[in-house]
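# Overview (structure and organization)
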Amino acid sequence: MNREKIIVIDFGGQYNQLVARRVRESHVYCEIYSYKTDIETIKAMNPKGIILTGGPNSCYEEGAPTYSRELFELGIPVLGLCYGAQLMMHVLGGVVTKAPVREYGKIEVTVDKSSKLFGNVSEKTICWMSHNDYIEKAADGFRIIAHTPACPVAAVECVEKKLYAIQYHPEVLHTQEGFKMLSNFVYEVCGCAGDWKMDAFVENTIQAIREKVGDGKVLCALSGGVDSSVAAVMLAKAVGGQLTCVFVDHGLLRKNEGDEVEEIFGPNGNYDLNFIRVNAQERFYEKLAGVTEPEAKRKIIGEEFIRVFEEEAKKIGKVDFLVQGTIYPDVVESGLGGESAVIKSHHNVGGLPDFVDFKEIIEPLRDLFKDEVRKAGLELGIPEKLVYRQPFPGPGLGVRIMGEVTAEKVKIVQDADAIYREEIAAAGLDKSIGQYFAALTNMQSVGVMGDERTYDYAIALRAVNTIDFMTAEFAELPWELLGKVSSRIVNEVKHVNRVLYDCTGKPPATIEFE
Ligand code: GLN
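It should be emphasised that the depicted structure is a prediction, and the values quoted were computed from it without experimental measurement. (Residues numbered from 1 in each chain as written. Predicted model: local features only at pLDDT ≥ 70, side-chain atom pairs only at ≥ 80, totals over all residues. Heavy atoms only, no water.)

## Overview of the packing of aromatic side chains
Across all of its chains, the model carries 11 aromatic pairs by this definition. Clustering of aromatic rings is evident, with ring pairs tying together F11, Y35 and Y83. The side chain of R24 reaches across the aromatic face of Y328, ending 5.1 Å from its centre. In this structure, R400 is placed above the aromatic ring of F437, and the distance from its NZ or CZ to the ring centre is 3.9 Å. (Phe/Tyr/Trp six-rings, centres within 6.5 Å; stacked < 30°, edge-to-face > 60°. Lys NZ or Arg CZ within 6 Å of the ring centre and 35° of its normal.)

Following this line, the structure appears as C-alpha cells:
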C-alpha cells in the first residue's frame, strides 16, 4: 500500500519506539529502521520525512554509528534528535564536542517562534535533556533556533534544505510541548496530510485480508488477550465462516476467564468465529505435577499448548492460513527493525509453528503499536473490558505460582487475584496502575486463626507502573487499600494466612515472578 510515511532511523536510542508512536499519534504512519539501512532502500520507500533518533555514542568517536552525507541531500526533510542532531552537524561540518556542562532532566529552553518547528510553542518551554556532548558550532547554513543557559545550540534549522536538529527529546512526555514540535515537523515541514487513522486502517486491512484469503480456510489460536482477539475479529469480519478459532483453556487462566472469553467469542457471542473451546486443564496439571523449575514449567506449558492446538487443527482438516497476533514492537524487538539489541526473540516472529500445514501466515496487526491495537479493537466493537485487559503471560498463572503447580494452588491464586482486582477497581485505580496481580509464593508460615495455629501459604501482591514494560516501578498503593485486600484474602481464601506486598522495581526484579 502506498500510504504516506515518516521513517525513523535508529541510532540505538532508548526512545526509538516512542518517536514512531508519537508520529503516529499525530496521524502519520511511521516505521523504524536501523542506521545500517542503505540509502537506496530509504529512497525507495519515498518517505515524507526522516527522523534520526538519539543514541548512546559520541558521534565524533571512531566507529560511532553514522550516516552518509547523501541522506541530507535527498531533498527529504530530516529532523535529528539528540545524537541524531549532533550527527547531522558533525556530518555537515559543524563541531560536536564533550559539553562543559552535561544536561540531564527537565530544562527550560528558549525557542525562536519564527521557526516552523515552534510556531505554536511557548517561547520558554520545558524540555527533556539527556546529553554529555553538545553542538559547539552549528554547520554552515544553519540558524540557531533554541538555546538553554548551558546549551547555546539547543536547536538549529536550515530552511532551504529542510534540515532540523534538536538537542533535547521531544518524544518523551517530560518535554511539555514535544508533541506539538513533532507534529509541526510532520505537518509544517514535511507537508503530511495525516491519513493514518484507525477506522481507515481497519477497513483497508479487512479488505486486503479478504482478497488474500479468497475462499481459503483460516485457523487462529485465540487466547482472549487483546492482540489475538483483535486479530481474530478482524479475520471474522473479513472472511466469516472460513475462520476457525481455537481457544485452549489450560487451567492457568484468571478466575472465570475461560467463561468470559467464551461468552464474548463463543456461539452465543457477537462474532462469527467458529469458536472451539478445548478444556485441557487436567492434561496441563498432569504434565506439571512435580515440576518446580520455572523454565521447565514454561516449556511444558508451551509444548502442551502446541500439542492441544495441533490435535484440534487436525480435526479441521486442511488449513490455508494461520493467523498470528504479532504487533510492531515484537517485530522491532526481534531485531527486524530498528537498532535495539535483540531483546527477546519473540515467539510470534522468529519460530513459526511447524505443526500445521498451511500456505501462509496472516499478521493483521504487524504494523501496530499496542495502543493502536486497542484503538482498532474499539473500532471493531470489541468490549472495552477486553480491549483494556492487562497483559497476561502465555503460561498464565503457571508463572505466578512459585514451585509446583497444582489445581488447589491455582484456585488459591485465582481467588486472591480476583479479590485484589475487585478492590483496586473499587478504589478507582484500575485504569491508572500499569499492571497488578496476585502471586502465590511457595512459602508456608505459621499463623493463628480462631485461636488455632495455621501453617499456610503467603500471597504476594504486585502492582507496577510502567510505560513500556521494559522497566517498571512498584506502585505506591494506599495502605488502607492494601489492608482491605489483605484482610479479605486471608478471610475468604482458604490456605492463605499471610499477604505480602512486593516493593521491587524492574530491574532488578521482573514484573512476573517466574
Ligand atoms: N550520546 C550523546 C550525548 O551524550 C547523545 C545522547 C542522546 O542521544 N540521548 O550527548
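## Re the site of the ligand
With respect to spatial proximity, the complete set of residues near the ligand consists of G54, G55, P56, N57, C82, Y83, Q86, S130, H131, N132, D133 and H169. Taking P56, its main chain carries an N or O atom lying 3.3 Å from a nitrogen atom of the ligand. At 3.0 Å, a backbone N or O of D133 approaches an oxygen atom of the ligand. For the ligand, whose unbound accessible area comes to 290 Å², protein coverage reaches 91%. Mapped onto the shell around the ligand, the elements with two or more residues apiece are α3 (83-91) and β6 (124-137). In terms of residue count, the dominant contributor to the shell around the ligand is β6 (four residues). Within the shell around the ligand, the residues separate by chemical class into three nonpolar, eight polar and one charged. (Near = heavy atom within 4 Å. Polar contact = N/O pair within 3.5 Å; in protein donor to acceptor, adjacent residues only side chain to side chain. Areas by Shrake-Rupley, 256 points an atom, 1.4 Å probe, with all protein chains shown as cover. Helix = DSSP H or I, 4+ residues; strand = E, 2+ residues; numbered from the N terminus. Nonpolar A, V, L, I, M, F, W, Y, C, P; charged D, E, K, R; others polar.)

## Regarding the sheet that holds strand β13 (residues 321-323)
Spatial ordering of the open sheet is given by β12-β11-β10-β13-β14, a layout of five strands whose pairing is parallel. In the strand order of this sheet, the two ends are held by β12 (275-279) and β14 (360-362), each with one partner. In this sheet, neighbouring strand axes are inclined to one another by 25° on average, regardless of whether the strands run parallel or antiparallel. Bridge count between strand β10 (residues 218-221) and β13: three bridges; the pairing is parallel. Looking at the pairing, L219 lines up with L322 of β13. Strands in contact with helix α5 (residues 198-213) are β10, β13 and β14; relative to β14, the strand with the most contacts, it is inclined by about 165°. Against the sheet, helix α7 (residues 257-265) touches β11 (243-249) and β12, its axis set at about 165° to β12. (Pairing = 2+ DSSP bridges. Axes fitted to C-alpha atoms, helices over the stretch in contact; angles between N-to-C directions. Contact = heavy atoms within 4.5 Å.)

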